[in-house]
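Below are the chains, spelled out letter by letter.
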Amino acid sequence: MKNNVLKFILILSLLMNASMLGSAAYTHYNQSRHETRPLGCGLQKSGDQVRNCLFEELSLKPDQLRTMHQKASAFHTDLNIKGQEIDQKRAFLVNLMRATSPNAKAIDATIAEINRLQLNIQQTAVAHMIEFKGMLDKDQQKKFLDLIEGAMAKGTGLQCP
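This structure is a prediction, so every number in the text was calculated from the model and none was measured. (Residues numbered from 1 in each chain as written. Predicted model: local features only at pLDDT ≥ 70, side-chain atom pairs only at ≥ 80, totals over all residues. Heavy atoms only, no water.)

**A short note on the pattern of salt bridges**
This is how it is decided: Definition used for salt bridges: Asp or Glu carboxyl oxygen within 4 Å of a side-chain nitrogen of Lys or Arg. Here a helix means four or more residues in a row that DSSP labels H or I, a strand means two or more in a row labelled E, and each is numbered from the N terminus. The cut-offs for exposure are 20% and 50% of the maximum accessible area for each residue type, with area from a 1.4 Å probe on protein chains only; residues under the lower value are buried, those over the upper are exposed, and the others partly exposed.
Using the criterion set out here, one finds 5 salt bridges in the structure. A salt bridge links D78 to K82; the shortest N-O distance between them is 3.2 Å. Separated by 4 residues within a single helix, D78 and K82 lie in helix α3 (residues 62–98), roughly one turn from each other. A relative accessible area of 15% means that K82 is categorised as buried. Between R90 and D87 there is a salt bridge, and its shortest N-O distance comes to 4.0 Å. A residue pair is termed a helical-turn pair when its members lie 3 or 4 positions apart in one helix, as R90 and D87 do in helix α3 at 3 residues. The exposure class assigned to D87 is partly exposed, which follows from its relative accessible area of 46%.

What follows is the structure, encoded as C-alpha coordinates:
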(Lines give C-alpha, C1' and ligand atoms only; values in the text may rest on other atoms or scores of the structure.)
Protein backbone atom coordinates (compact mmCIF):
# COMPACT_ATOMS: atom_id res chain seq x y z
CA MET A 1 0.00 0.00 0.00
CA LYS A 2 2.80 2.39 0.94
CA ASN A 3 4.56 1.68 -2.40
CA ASN A 4 1.39 2.58 -4.32
CA VAL A 5 1.16 5.94 -2.53
CA LEU A 6 4.82 6.66 -3.26
CA LYS A 7 4.36 5.71 -6.93
CA PHE A 8 1.32 7.97 -7.13
CA ILE A 9 3.24 10.89 -5.57
CA LEU A 10 6.18 10.28 -7.93
CA ILE A 11 3.90 10.25 -10.98
CA LEU A 12 2.11 13.37 -9.77
CA SER A 13 5.46 15.10 -9.23
CA LEU A 14 6.65 14.14 -12.72
CA LEU A 15 3.43 15.45 -14.27
CA MET A 16 3.75 18.74 -12.41
CA ASN A 17 7.37 19.10 -13.55
CA ALA A 18 6.40 18.35 -17.14
CA SER A 19 3.58 20.91 -17.03
CA MET A 20 5.91 23.54 -15.54
CA LEU A 21 8.47 22.84 -18.26
CA GLY A 22 5.74 23.10 -20.90
CA SER A 23 4.51 26.39 -19.46
CA ALA A 24 8.03 27.82 -19.41
CA ALA A 25 8.61 26.76 -23.02
CA TYR A 26 5.30 28.27 -24.12
CA THR A 27 6.03 31.54 -22.32
CA HIS A 28 9.51 31.74 -23.86
CA TYR A 29 8.12 31.01 -27.32
CA ASN A 30 5.36 33.59 -26.95
CA GLN A 31 7.75 36.29 -25.73
CA SER A 32 10.31 35.62 -28.45
CA ARG A 33 7.62 36.05 -31.10
CA HIS A 34 6.96 39.58 -29.86
CA GLU A 35 10.58 40.56 -29.41
CA THR A 36 11.39 43.98 -30.77
CA ARG A 37 14.18 44.28 -33.25
CA PRO A 38 16.70 47.09 -33.24
CA LEU A 39 15.59 50.12 -35.20
CA GLY A 40 16.35 49.73 -38.89
CA CYS A 41 16.28 45.92 -38.82
CA GLY A 42 13.71 43.84 -40.55
CA LEU A 43 14.14 44.22 -44.29
CA GLN A 44 15.28 41.18 -46.25
CA LYS A 45 17.40 41.35 -49.35
CA SER A 46 16.10 39.37 -52.31
CA GLY A 47 17.11 35.74 -51.98
CA ASP A 48 18.54 36.11 -48.49
CA GLN A 49 17.00 34.29 -45.57
CA VAL A 50 19.02 36.27 -43.02
CA ARG A 51 17.54 39.47 -41.71
CA ASN A 52 19.78 42.49 -42.21
CA CYS A 53 19.83 45.76 -40.39
CA LEU A 54 18.93 48.47 -42.85
CA PHE A 55 21.23 50.99 -41.23
CA GLU A 56 24.20 48.66 -41.68
CA GLU A 57 23.16 47.66 -45.18
CA LEU A 58 23.11 51.29 -46.35
CA SER A 59 26.52 52.18 -44.85
CA LEU A 60 25.17 55.29 -43.19
CA LYS A 61 27.43 58.10 -42.04
CA PRO A 62 27.41 58.84 -38.29
CA ASP A 63 25.32 62.02 -38.67
CA GLN A 64 22.81 60.19 -40.91
CA LEU A 65 22.63 57.36 -38.42
CA ARG A 66 21.98 59.70 -35.49
CA THR A 67 19.24 61.61 -37.35
CA MET A 68 17.58 58.46 -38.62
CA HIS A 69 17.58 56.79 -35.21
CA GLN A 70 15.81 59.84 -33.77
CA LYS A 71 13.21 59.93 -36.54
CA ALA A 72 12.77 56.15 -36.48
CA SER A 73 12.17 56.14 -32.74
CA ALA A 74 9.37 58.71 -32.99
CA PHE A 75 7.92 56.92 -36.02
CA HIS A 76 7.82 53.52 -34.31
CA THR A 77 6.27 54.99 -31.16
CA ASP A 78 3.51 56.49 -33.30
CA LEU A 79 3.04 53.21 -35.19
CA ASN A 80 2.78 51.24 -31.95
CA ILE A 81 0.06 53.57 -30.66
CA LYS A 82 -1.87 53.26 -33.93
CA GLY A 83 -1.41 49.48 -33.91
CA GLN A 84 -2.81 49.26 -30.39
CA GLU A 85 -5.82 51.29 -31.49
CA ILE A 86 -6.42 48.83 -34.35
CA ASP A 87 -6.10 45.91 -31.93
CA GLN A 88 -8.74 47.50 -29.69
CA LYS A 89 -11.08 48.00 -32.66
CA ARG A 90 -10.60 44.39 -33.73
CA ALA A 91 -11.43 43.17 -30.23
CA PHE A 92 -14.52 45.38 -30.28
CA LEU A 93 -15.48 43.91 -33.67
CA VAL A 94 -15.24 40.38 -32.31
CA ASN A 95 -17.45 41.37 -29.37
CA LEU A 96 -20.00 42.81 -31.79
CA MET A 97 -20.01 39.54 -33.72
CA ARG A 98 -20.51 37.55 -30.51
CA ALA A 99 -23.89 39.16 -29.90
CA THR A 100 -26.94 36.97 -30.29
CA SER A 101 -28.24 39.36 -32.94
CA PRO A 102 -25.17 41.17 -34.33
CA ASN A 103 -25.74 44.79 -35.30
CA ALA A 104 -24.70 44.96 -38.98
CA LYS A 105 -24.43 48.77 -38.96
CA ALA A 106 -22.14 48.76 -35.92
CA ILE A 107 -20.04 46.00 -37.49
CA ASP A 108 -19.75 47.93 -40.77
CA ALA A 109 -18.83 51.11 -38.90
CA THR A 110 -16.14 49.29 -36.93
CA ILE A 111 -14.72 47.72 -40.09
CA ALA A 112 -14.67 51.16 -41.73
CA GLU A 113 -12.82 52.56 -38.71
CA ILE A 114 -10.25 49.73 -38.84
CA ASN A 115 -9.78 50.38 -42.57
CA ARG A 116 -9.31 54.10 -41.91
CA LEU A 117 -6.69 53.39 -39.25
CA GLN A 118 -4.85 50.92 -41.50
CA LEU A 119 -4.87 53.43 -44.35
CA ASN A 120 -3.47 56.05 -41.99
CA ILE A 121 -0.67 53.67 -40.94
CA GLN A 122 0.16 52.91 -44.59
CA GLN A 123 0.24 56.61 -45.48
CA THR A 124 2.40 57.36 -42.44
CA ALA A 125 4.82 54.56 -43.35
CA VAL A 126 5.14 55.72 -46.96
CA ALA A 127 5.68 59.34 -45.88
CA HIS A 128 8.34 58.15 -43.41
CA MET A 129 10.11 56.11 -46.11
CA ILE A 130 10.06 59.08 -48.52
CA GLU A 131 11.48 61.31 -45.77
CA PHE A 132 14.10 58.64 -45.01
CA LYS A 133 14.99 58.34 -48.70
CA GLY A 134 15.49 62.13 -48.88
CA MET A 135 18.26 61.89 -46.27
CA LEU A 136 20.26 59.42 -48.36
CA ASP A 137 22.71 59.91 -51.20
CA LYS A 138 21.96 58.40 -54.63
CA ASP A 139 23.72 55.06 -53.97
CA GLN A 140 22.05 54.67 -50.57
CA GLN A 141 18.66 55.52 -52.11
CA LYS A 142 19.12 52.78 -54.71
CA LYS A 143 20.07 50.22 -52.02
CA PHE A 144 17.16 51.36 -49.85
CA LEU A 145 14.58 51.01 -52.62
CA ASP A 146 16.07 47.69 -53.76
CA LEU A 147 15.66 46.34 -50.22
CA ILE A 148 12.05 47.53 -50.08
CA GLU A 149 11.33 46.09 -53.51
CA GLY A 150 12.89 42.75 -52.57
CA ALA A 151 10.88 42.50 -49.36
CA MET A 152 7.65 43.42 -51.13
CA ALA A 153 8.26 40.95 -53.96
CA LYS A 154 8.84 38.12 -51.46
CA GLY A 155 5.83 39.14 -49.40
CA THR A 156 7.97 39.06 -46.26
CA GLY A 157 6.57 42.33 -45.07
CA LEU A 158 8.53 45.37 -44.11
CA GLN A 159 9.56 46.97 -40.92
CA CYS A 160 10.21 50.58 -41.65
CA PRO A 161 13.45 52.04 -40.39
